[in-house]
Amino acid sequence: MSLKKYFIRYKWYYVLGILFVTLSSVFSNYQAIVVRKATNEIVYEINQQHFNQDKFFVFLLYLIGLSVLSGVFMFLMRQTIIVSSRHIEYEQKNELYEHFQKMDKQFLKMQSVGDLMNKIGEDVGRVRMFTGPAVMYLVNVIVTLISVISFMLHVSPLLTVAVLLPLPVFSFLIFRLSKKINFLSTHVQEQLSVITSFVQESISSIRLIKIHSKERFFEEKLKNNNDNYSHQFVLLGKTEALFQPLMTMMVGTGIIVTVWLGSILLAQNKIEPGNITEFVIYVYRLTWPFTALGWVSALIQRASASQKRINELLNTQPKIINTNYDTYKIDGHIRFDNVSFEYEESKMMALKNVSFEVVKGEVLGITGKVGSGKSTIFQLLLRFYDVNRGGQILIDNKDIQKHNLYWLRRHMAYVSQDAFLFNDTVLNNIIFPDRETDMQRVIDICIKVEIHDTIMSWPDQYNTMIGEKGINVSGGQRQRIALARALLKNAPILLIDDAFSALDNETEQKIIQNIKEELKNKTVIIIAQKLSVLQSLADKIMYLKEGVVTECGTPYELLKMNGEYRKIYDIQMTKTIIQYL
Ligand SMILES: Nc1ncnc2c1ncn2[C@@H]1O[C@H](COP(=O)(O)OP(=O)(O)OP(=O)(O)O)[C@@H](O)[C@H]1O
Ligand SMILES: [Mg+2]
């Protein structure tokens, strides 16, 4: 269990915590003894027919002093145990986050991002409820039970046994009841989150709902969810209503036994009058552990399920392994040697015997129908996946798997097909993650990719927030910002996945002419559906069909081949001509 190391790390805090709770409990018990003495004194003085107020003032001071001491140690216990649990939570979150960073894409894809966030947040939180409150209350309960019972035994073993006798029955009932309450309240919580996400979803898709006139349907659905929720809530309320009476009965029974048997023992002169008041206080102090037990046991059960899930996550090893930590010069010579690759999740053979070579200073264009395996080539080059059905990828004549993975990625710039942007300012999106970039260079690049003027027209210019919390950017703007980010990285290998698809022909050609200079001396691979991009930029073009390279050559050669490439080219050209007619 990965929690063990944390307990060992914070063992002194826990030892101190246990010491503090023991002291707090003992001081609290001493209050009962003070009350016993005060009662004995009252009875004595009533018999003597005179009353000394000063004496009682001293008792009062004792009681206040003991309360303060007990409270101080309770505070110190929280400071040690709860504070440690917060430290453990923080370290555990970091441990999980670091582990996720190392995981491969396949793993991250299988576990949806939301699920991962849930795991980090909720499970670690539940484990904290164990390392903090559950441990604290458990120690408190045990110490209180032991100390109260030993104080009681000291006064009268017979009375102790009599008071304790009905407790197992009550504790069993209370335990069952708390379990039921916990179960129901978890359900209520779950039902509430179902409603919350339902409402959120229907608000965010309100336009779609209105267009399809589905308001009634959603209203009905919400009503059903609400009915379900209120039904569960009422059930929870009814069950909770049993709790207090049961506790009162337990205390009441204890007090009846104390007074009844106590008075018999008192008549026999076996105890003093003060012992009865003292016992009443003990009975009250005993009720708390019984209330806490059910709650603590639910906390422990939940935490152990969460910790199990966390352990499972931590024990999954990444499939992409790095063994090389050297740093060296990377030229960017890329060679695919009969590479075949299958996505294990979908058993999809995405690439079959693909071979090609790109040298420094060359631009390779890749095109092909949707799903033909174009992006997969980038996934393999970026080592999000490793080649698994034969063949080899060589970078600078060395197997890609023998390279330092992190070093290699540092020498690659990549524009993904979705041109992902963060919820951050435009500037941070472009300079990501290098925070010390020359502003003039950023502007130069943005001018080249034809986005500078647009950015300058935004309210805060380069500091404008984009994404969820800021302005919406269009598909074409998104692609140009992502392109600027990749160009700014100035890496020897540049991979561009369909970053021109949302641009009009004029902007596209302008950008292509502007960035030609930037592409010099780099190894560039561009995936594009629009052949005009490849015709203007590529030295070589590869046509992919169902994972197989069916046509390959210079743009001129491909056109002359009169194959599928030519067919698509002609269709696209006709469209463009019609556009301009
Ligand atoms: N992560 C994945 N898991 C399983 N199968 C995948 C995965 N990514 C792609 N595939 C499958 O592999 C095949 C090739 O996909 P790829 O993304 O390389 O196509 P593409 O040529 O880039 O298509 P597009 O032009 O639509 O971007 C497709 O059939 C796709 O369904
Ligand atoms: Mg693709």
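Everything numeric here is computed off the predicted structure, so don't read it as measured data.

On to the overall build of the protein chain. Within the protein chain one finds 20 helices and 10 strands. Rg of the C-alpha trace for the protein chain: 37 Å, well past the compact-globule value of 25 Å for 581 residues, more than 25% over. In the protein chain, once contacts between residues fewer than 6 apart in sequence are set aside, the share between residues at least 24 apart is 77%. Split by element, the accessible area of the protein chain, about 31,100 Å² in all, is 60% carbon and sulfur. A distance of 5 Å separates the average location of the 64 positive side-chain charges in the protein chain from that of its 55 negative side-chain charges.

It is worth spelling out the packing of aromatic side chains at this point. Taken as a whole and assessed by the stated rule, the structure comprises 18 aromatic pairs. Ring centres of Phe217 and Phe218 lie 5.6 Å apart, and the angle between their planes is 85 degrees; this geometry places the pair in the edge-to-face category. According to the relative accessible area criterion, Phe218 is partly exposed, its value standing at 21%. Between the aromatic rings of Phe378 and Tyr414, the centroid separation amounts to 6.2 Å while the plane-to-plane angle is 85 degrees, which identifies the pairing as edge-to-face. Here Tyr414 lies in strand E6 (residues 412-415) and Phe378 lies in helix H11 (residues 374-381), a separation of 36 residues in the sequence. Through pairs of rings, three or more aromatic residues link up here, namely Tyr30, Phe151, Phe279 and Tyr282. Here the basic side chain of Lys398 rests over the ring of Tyr328, its NZ or CZ set 4.8 Å away from the ring centre.

What follows is about the sheet that holds strand E2 (residues 348-358). Pairing is antiparallel in the open sheet, where 4 strands are placed in the order E2-E1-E4-E5. The open sheet is flanked by E2 and strand E5 (398-399), the only strands paired with a single partner. Bridge analysis of strand E1 (residues 334-343) against strand E4 (residues 392-395) gives 4 bridges, and the strand direction is antiparallel. When the bridges of E4 are listed, Ile334 appears paired with Ile395. Of the strands in this sheet, E1, E2 and E4 are in contact with H11, which crosses E1 at around 110 degrees.

Tallied over the entire structure, the rule returns 22 salt bridges. The closest approach of N and O atoms between Asp331 and Lys360, which form a salt bridge, is 3.9 Å. Of this pair, Asp331 sits in the loop between helix H10 (273-315) and E1 while Lys360 is found in the loop between E2 and strand E3 (363-368), placing the two residues 29 residues apart along the sequence. A residue is classified by how much of its surface remains accessible, and Asp331, at 35% relative accessible area, is partly exposed.

Among the nonpolar cores identified, the biggest contains 50 residues, and Ile430, Ile481, Leu483, Phe500 and Ile526 are the most heavily contacted of them. Considering every element that reaches this core, the biggest residue donor is helix H16 (residues 475-489), with 7 residues. Aside from chain neighbours lying at most four places away, what touches Ile430 is Val442, Cys446, Ile455, Tyr462, Ile481, Ala484, Arg485 and Leu488. Counting residues in each nonpolar core, the second largest holds 33 residues, with Val148, Ile181, Val188 and Phe279 among its members.

The next thing to look at is empty space enclosed by the protein. Applying the stated criterion to the full structure yields 1 cavity of 30 Å³ or more. Looking at the largest cavity, its volume works out to about 70 Å³. Considering the residues around the largest cavity, the lining is formed by Val163, Pro166, Leu167, Phe170, Met250, Val251, Thr253, Gly254, Val283, Leu286 and Thr287. The biggest single contributor to the lining of the largest cavity is helix H9 (residues 215-267), with 4 residues. Broken down by class, the residue content of the lining of the largest cavity amounts to 8 nonpolar, 3 polar and no charged.

A few words now on the pairing of E2. Strand direction decides the pairing type here: E1 and E2, joined by 7 bridges, are antiparallel. The residue of E2 that forms the bridge with Ile334 is Val358.

In the vicinity of ligand 1 lie 17 residues, with Gly371, Lys374, Ser375, Thr376 and Gln417 positioned nearest. Measuring from an oxygen atom of ligand 1, one finds a backbone N or O atom of Gly373 at 3.0 Å. In the environment of ligand 1, an oxygen atom lies 3.2 Å from a nitrogen or oxygen atom belonging to the side chain of Gln529. No other element matches H11, which puts 3 residues into the shell around ligand 1. Grouping the constituent residues of the shell around ligand 1 by class yields 5 nonpolar, 8 polar and 4 charged.

All right, on to the sheet that holds strand E9 (residues 540-545) then. Strands in a sheet are paired, the pairing made by backbone hydrogen bonds, and the direction either parallel or antiparallel. Across the sheet, 6 strands lie side by side as E6-E7-E8-E3-E9-E10; this open sheet has mixed pairing. Looking at the sheet topology across the chains shown, the edges are occupied by E6 and strand E10 (548-553). Taken pair by pair, the neighbouring strands of this sheet meet at an average axis angle of 15 degrees, ignoring direction. By the bridge criterion, 4 bridges tie E6 to strand E7 (residues 493-497) in an arrangement that is parallel. Pairing of Tyr414 across the sheet is with Leu495, part of E7.

The subject of this paragraph is the domain arrangement of the protein chain. By domain assignment, the protein chain separates into domain 1 (1-155) and domain 2 (334-418 + 492-580). Of note, the centres of domain 1 and domain 2, computed from C-alpha atoms alone, are 62 Å apart.

Our next topic: the coordination of the magnesium ion (ligand 2). At this site the magnesium ion (ligand 2) is bound by Ser375 (OG) and Gln417 (OE1), with donor distances of 1.9 to 2.3 Å. Linking Ser375 in helix H11 with Gln417 in the loop between E6 and helix H13 (426-431), this pair joins segments that are 42 residues apart in sequence.

In terms of residue burial, H11 counts as a mostly covered element, since 7 of its 8 residues are buried. Here H11 has its buried residues at Lys374, Thr376, Ile377, Phe378, Gln379, Leu380 and Leu381.

Attention now goes to the packing of helix H3 (residues 53-102) against H10. The interhelical angle for the contact between H3 and H10, taken along N-to-C directions, is 35 degrees, at an axis separation of 10 Å. Along this stretch, H3 crosses H10, giving a crossing that reads as left-handed. Touching Gln92, Glu95, Leu96, His99 and Phe100 of H3 are Gln307, Ile310, Leu313 and Leu314, all from H10. Residues belonging to the contact of H3 with H10 are distributed by class as follows: 5 nonpolar, 3 polar and 1 charged.

The subject of this paragraph is a nonpolar patch on the surface. On the surface, Phe57, Leu60, Leu61, Ile64, Val68 and Val72 cluster together into a nonpolar patch covering about 550 Å² of accessible area. Residue placement: Leu60 occurs in helix H3.

Cut-offs applied
- Along each chain, residues carry numbers from 1 onward, in the same order as the chain's sequence is written.
- Chains and ligands are labelled sequentially in the order written, the chains with letters from A and the ligands with numbers from 1.
- A pLDDT threshold of at least 70 governs which residues receive local features in this predicted model, and a stricter bar of 80 or more applies before side-chain atom pairs are shown or counted, although totals over entire chains, interfaces and linings include all residues.
- The side-chain numbers reported here are obtained from all heavy atoms of the structure, hydrogens and water having been left aside.
- In this text, helices come from DSSP runs of H or I with a minimum length of four residues, and strands from runs of E with a minimum of two, each type numbered from the N-terminal end.
- Atoms counted for the radius of gyration: C-alpha only. Globule rule: 2.2 Å times the number of residues to the power 0.38.
- Here a residue-residue contact requires only that any non-hydrogen atoms of the pair lie within 4.5 Å.
- To measure how exposed things are, a 1.4 Å probe is used in the Shrake-Rupley method; for residues, cover is taken only from the protein chains shown.
- In summary, the charge assignment counts Lys and Arg as positive and Asp and Glu as negative, without counting His or the chain termini.
- The atom standing in for a charge is NZ when the residue is Lys, CZ when it is Arg, CG when it is Asp and CD when it is Glu.
- Stacked, edge-to-face and tilted labels apply to pairs of Phe, Tyr and Trp rings (six-membered ring for Trp) whose centres lie within 6.5 Å, assigned for plane angles under 30 degrees, over 60, and everything in between, in that order.
- Remark: exposure states derive from per-residue accessible area (1.4 Å probe, protein chains only) relative to the maximum for the residue type, with buried under 20%, exposed over 50%, and partly exposed in between.
- Geometrically, a charge over a ring is one whose NZ (Lys) or CZ (Arg) sits within 6 Å of the ring centre while staying within 35 degrees of the ring normal.
- In this analysis, strands are considered paired if DSSP registers two or more bridges between them.
- Under this scheme, a helix contributes an axis fitted over its contacting stretch, all axes are lines through C-alpha atoms, and angles between N-to-C directions fall in the 0 to 180 degree range.
- Take a side-chain nitrogen of Lys or Arg and a carboxyl oxygen of Asp or Glu: if they are within 4 Å of each other, that pair is a salt bridge.
- Within this scheme, the nonpolar core is defined by two criteria: the residues are buried Ala, Val, Leu, Ile, Met, Phe, Trp, Tyr or Cys, and they are joined through side-chain atoms within 4.5 Å.
- In the cavity and pocket records, a cavity denotes points on a 1 Å grid over the protein atoms alone where a 1.4 Å probe fits but cannot get out, a pocket denotes an open set with protein on both sides within 12 Å along at least 5 of 7 lines, and lining residues are residues with an atom within 4 Å of a point.
- Grid points are joined across faces, edges and corners, and a volume is the space filled by probe spheres set on the points.
- Residues are grouped as follows: Ala, Val, Leu, Ile, Met, Phe, Trp, Tyr, Cys and Pro are nonpolar; Asp, Glu, Lys and Arg are charged; every other residue, Gly included, is polar.
- When at least one non-hydrogen atom of a residue lies within 4 Å of a molecule or strand, that residue is treated as near it.
- Any pair of nitrogen or oxygen atoms within 3.5 Å is treated as a polar contact; in protein, a donor-acceptor pairing is required on top of that, and neighbouring residues in sequence qualify only through side-chain atoms on both sides.
- Domain delimitation follows an automatic or database domain assignment.
- For Na, K and Ca the donor cut-off is 3.2 Å, and for all other metals it is 2.8 Å, counting N, O and S atoms only; because water is absent from this set, sites may look incomplete.
- Working rule for handedness: look at the near helix, and if it is turned counterclockwise from the far one by less than a right angle, call the crossing left-handed; if clockwise, right-handed.
- Surface patches are drawn from residues lacking salt bridges whose relative accessible area is over 30%; two like charges belong together within 9 Å, two nonpolar side chains (Val, Leu, Ile, Met, Phe, Trp, Tyr) within 5 Å.

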